[in-house]
Amino acid sequence: MSRPSWDEYFMEMVQVVASRATCVRRKVGAVLVQDNRILATGYNGAPKGVTHCDKAGCMRQAQNIPSGERHEICRGLHAEQNVLIQAAVYGVPVAGATIYCSNKPCSICTKMLINADIHRIVYLEDYPDPLADELLKFADIRSLHYIKGE
């Protein structure tokens, strides 16, 4: 059995992190890495102390809000937001890091990743957000759609 590549190794960890997600629509995980060392992890769910959607129900689902629209109508944070917050809370510098995500970040998370000086994004599943694509191109951030075995 051969050793997994670094991308494969961290993408497998992303899937474990995503298993902690409490969103009823999509389980998303993120792992922030620098020099092949994990800096922080995050998954999508409500802020600490707030009832999670898997218990309280999904506000977006109740209002028939399509995926990718009206992100502000949600009690949860995205995995990419949570991984940056976790790093900030513990004083972990993230400039120059790579983020591994189960989904390509939305435009809101992309703006945060740009300002956090993340240099590379590796994601498992696509997420249709043309503004995110445009922002990444403008910011010259490398983005890789990871396909296992390639």
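Residues numbered from 1 in each chain as written. Predicted model: local features only at pLDDT ≥ 70, side-chain atom pairs only at ≥ 80, totals over all residues. Heavy atoms only, no water.

## A short note on the packing of aromatic side chains
- All told, the structure shown has four aromatic pairs when counted by the stated rule.
- For the pair W6 and Y9, a centre-to-centre distance of 5.7 Å together with 80 degrees between the ring planes defines the contact as edge-to-face. Here the residue W6 and the residue Y9 both occupy positions in helix 1 (residues 6-18), the gap between them amounting to three residues, near one helical turn.
- By relative accessible area, which is 36% here, Y9 ends up partly exposed.
- With centroids separated by 5.2 Å and ring planes inclined at 40 degrees, the aromatic side chains of F10 and Y100 adopt a geometry described as tilted. (Phe/Tyr/Trp six-rings, centres within 6.5 Å; stacked < 30°, edge-to-face > 60°. Helix = DSSP H or I, 4+ residues; strand = E, 2+ residues; numbered from the N terminus. Buried < 20%, exposed > 50% of the residue type's maximum accessible area, 1.4 Å probe, protein only.)

## Here's the deal with the pairing of strand 5 (residues 142-145)
- The pairing of strand 4 (residues 120-125) with strand 5 spans four bridges and is parallel. Residue pairing across strands places I121 opposite S143, the latter belonging to strand 5.
- The parallel pair strand 4 and strand 5, bridged by helix 6 (residues 130-139), forms a crossover whose chirality is right-handed. (Pairing = 2+ DSSP bridges. Right-handed = clockwise from strand over helix to strand, strands pointing away.)

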